[in-house]
Amino acid sequence: MKAYVLRSETDRNTLELREKPQPQPSPSQLLVKIHAASMNRGELIRGHGLVKAGTEKPAGMDAAGEVVGSGERVMGRLPGAFAEYGVMDRQDAIPVPPNLSWEEAAAIPIAFNVVYDMLVQQGNLRSGEWLLVAGVTAGVGVAALQAGKALGARVIGTSGSASKLAALKRLGLDVALETRRPDFAEAVMKATDGKGVNLVVNNVGGTVFAECIRCMAYEGRLATVGYLDHTMKAELDIDALHSRRLRLFGVSNKLRTAEQRKATVDGMKRDFMPLFAGGKLKPLIDKVFAFADLPKAKDYMESNAAVGKIVIRIA
């Protein structure tokens with residue numbers, strides 16, 4: 001079968017197409033004929049630490065396809081997803097609703113699992129609360145906007161692109177702030193009548209961390225999920241943390257156990273999948289690339305032109 005590997009070199013990550021033997025599932029896994037897979041920036045960008053320099057690994061992280069032998073339509077986390085076949089842990093498999101295409105299904109698993117973790121499991125977002133998404137036009141940012149609106153929240157989003165923000169207005173973005181700088185706290189406070197936001201999703205990184213703190217309401221929560229700016233350190237206002245009883249948490253699967261990941265998948269099946277099946281939630285796909293054009297898709301992702309997910313059609 002054909003499959004891509006991700007090689008980490010001194011100054012960049014590259015994708016190479018190889019001939020590989022078809023994987024063999026264990027009793028706890030499913031063999032999946034992959035029809036589509038989506039791109040995740042954290043895996044492919046140098047400096048995110050998922051591939052050590054001088055090494056390589058199977059490329060891709062989540063996919064949608066048919067279970068070999070049963071024909072069941074599934075989507076889910078699948079290491080090595082940029083391939084014609086792959087193995088998926090049974091506990092990660094999510095049935096694909098009939099109304100979703102393969103490309104739509106492939107755009108959901110990791111992005112919305114992450115969003116479920118930070119908005120529901122850890123963020124305790126409630127209807128009527130304010131959600132701020134710093135870096136709202138990235139894949140996880142868009143998913144956070146969509147899920148936040150489905151949960152009844154009011155959403156503020158930041159981006160350096162006016163055209164991207166305009167596109168997200170159609171998804172219900174309540175307040176669009178055009179900026180890449182840490183200068184949005186005043187506008188956030190004005191939008192929230194001086195109270196601040198209840199939950200912040202920081203998809204940008206250290207350059208806006210202190211500004212995110214300034215935007216938080218009493219007993220506000222802050223989720224750190226990305227660092228597009230590659231800035232890994234920031235100033236922390238201890239007085240604000242103490243007096244406003246703030247809660248700061250990270251969102252990453254790197255060190256989570258299988259049981260912890262399963263709890264998120266089970267929660268998403270229960271709370272989010274009925275919304276996808278009913279059409280209240282639908283992933284935003286920016287562009288679909290052919291399997292052979294995966295390196296071009298990586299270049300497109302790195303250009304920061306996309307609004308939403310980039311998907312690879314495999315078969």
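Just so we're clear, the structure is a prediction, and the values are computed from it rather than from any experiment.

Draft legend 1. Seen up close, empty space enclosed by the protein. Under the defined criterion, the tally for this structure stands at two cavities of 30 Å³ or more. Taken as a whole, the largest cavity encloses approximately 130 Å³ of empty space. As for the largest cavity, its lining consists of 13 residues, and the residues nearest its centre are Asn 113, Asn 253, Arg 256, Arg 261 and Thr 264. When contributions to the lining of the largest cavity are tallied by element, the ones reaching two or more residues are helix 3 (109-121) and helix 9 (258-271). Considering each element in turn, the lining of the largest cavity owes the most residues, four residues, to helix 3. Tallied by class, the residues present in the lining of the largest cavity amount to four nonpolar, four polar and five charged.

Draft legend 2. Spatial organisation of the layout of surface pockets. Put simply, the second largest pocket is a space of about 190 Å³. Lining the second largest pocket we find 16 residues, and of these Met 1, Ala 3, Pro 58, Gly 80 and Ala 83 sit closest to its centre. Of all elements in the fold, only strand 1 (2-8) and strand 7 (85-89) reach the threshold of two or more residues within the lining of the second largest pocket. The class makeup of the residues in the lining of the second largest pocket is 13 nonpolar, two polar and one charged.

Draft legend 3. Structural detail: the packing of aromatic side chains. Applying the stated rule across the entire model yields five aromatic pairs. For the pair Tyr 4 and Phe 291, a centre-to-centre distance of 5.1 Å together with 90° between the ring planes defines the contact as edge-to-face. In this pair, Tyr 4 sits in strand 1 while Phe 291 sits in the loop between strand 15 (285-290) and helix 11 (294-302), placing the two residues 287 residues apart along the sequence. In terms of burial, Tyr 4 and Phe 291 fall into one category: buried. With a centroid separation of 6.5 Å and an interplanar angle of 85°, the aromatic rings of Phe 112 and Phe 272 are classed as edge-to-face. Of this pair, Phe 112 sits in helix 3 while Phe 272 is found in the loop between helix 9 and helix 10 (273-277), placing the two residues 160 residues apart along the sequence. Among the aromatic residues, ring-to-ring pairing joins Phe 112, Tyr 116, Phe 272 and Phe 276 into one connected group. A cation over an aromatic ring shows up here: Arg 73 above the ring of Trp 102, its NZ or CZ 4.6 Å from the ring centre. Positioned above the aromatic ring of Tyr 300 is the side chain of Lys 287, whose terminal nitrogen or guanidinium carbon lies 4.9 Å from the ring centre.

Draft legend 4. Seen up close, helix 9. Look at helix 9: 20 Å from first C-alpha to last across 14 residues, which is about the 20 Å you get at 1.5 Å a residue. Contacts made by the buried residues of helix 9 are with strand 6 (73-77), strand 7, strand 8 (94-95), helix 3 and helix 10.

Draft legend 5. Fine view of the state of the cysteines. A full pass over the atoms with the stated rule returns zero disulfides. Distance from the sulfur of Cys 212, which forms no disulfide, to the nearest cysteine sulfur (Cys 215) is 6.1 Å. Owing to a relative accessible area of 0%, Cys 212 belongs among the buried residues under this scheme.

Draft legend 6. Summary view of unusual backbone geometry. With a phi close to 55°, Asp 193 is a non-glycine residue in the positive phi region. Tracing the chain through its elements places Asp 193 in the loop between helix 6 (185-191) and strand 12 (197-202). The backbone phi angle of His 230 is positive, close to 60°, even though this residue is not glycine. Positionally, His 230 belongs in the loop between strand 13 (216-224) and helix 8 (238-243).

Draft legend 7. Inspection of the side chain of Asn 13 at higher detail. For Asn 13, the position within the fold is in strand 2 (residues 13-19). A distance of 3.2 Å separates the side chain of Asn 13 from the side chain of Ser 8, its partner in a polar contact.

Draft legend 8. Fine view of the sheet that holds strand 2. Read from one edge of the open sheet, three strands run 2-1-4, paired in antiparallel fashion. With one partner strand each, in any of the chains shown, strand 2 and strand 4 (56-58) form the two edges of the open sheet. Averaged over all adjacent pairs, the angle separating strand axes in this sheet is 30°, with direction ignored. Strand direction decides the pairing type here: strand 1 and strand 4, joined by three bridges, are antiparallel. Note on strand 4: the bridge partner recorded for Val 5 is Pro 58. Set on the sheet, helix 11 makes contact with strand 1 and strand 2; between it and strand 2 the angle comes to about 165°.

Draft legend 9. Structural detail: the pattern of salt bridges. In the structure shown here, the tally under the stated rule is 17 salt bridges. In this structure, Glu 104 and Lys 282 form a salt bridge, with 3.4 Å as the shortest nitrogen-oxygen distance. Highlighted residues: Glu 104 in helix 2 (residues 102-106) and Lys 282 in the loop between helix 10 and strand 15, separated in sequence by 178 residues. Between Glu 211 and Arg 214 there is a salt bridge, and its shortest N-O distance comes to 2.7 Å. Of this pair, Glu 211 and Arg 214 both sit in helix 7 (residues 209-214), three residues apart, which is roughly one turn of that helix. Taking relative accessible area as the criterion, Glu 211 reaches 5% and is therefore assigned buried. Within this structure, Arg 7, Glu 16, Arg 18 and Glu 56 form a network of salt bridges that share partners.

How each quantity is defined
Residues numbered from 1 in each chain as written. Predicted model: local features only at pLDDT ≥ 70, side-chain atom pairs only at ≥ 80, totals over all residues. Heavy atoms only, no water. 1 Å grid on protein atoms, 1.4 Å probe; cavity = no way out; pocket = protein on both sides within 12 Å on 5 of 7 lines; lining within 4 Å. Points joined across faces, edges and corners; volume = space filled by probe spheres on them. Helix = DSSP H or I, 4+ residues; strand = E, 2+ residues; numbered from the N terminus. Nonpolar A, V, L, I, M, F, W, Y, C, P; charged D, E, K, R; others polar. Phe/Tyr/Trp six-rings, centres within 6.5 Å; stacked < 30°, edge-to-face > 60°. Buried < 20%, exposed > 50% of the residue type's maximum accessible area, 1.4 Å probe, protein only. Lys NZ or Arg CZ within 6 Å of the ring centre and 35° of its normal. Expected span 1.5 Å × (residues − 1). Contact = heavy atoms within 4.5 Å. Disulfide = S-S within 2.5 Å. Polar contact = N/O pair within 3.5 Å; in protein donor to acceptor, adjacent residues only side chain to side chain. Pairing = 2+ DSSP bridges. Axes fitted to C-alpha atoms, helices over the stretch in contact; angles between N-to-C directions. Salt bridge = Lys/Arg side-chain N within 4 Å of Asp/Glu carboxyl O.

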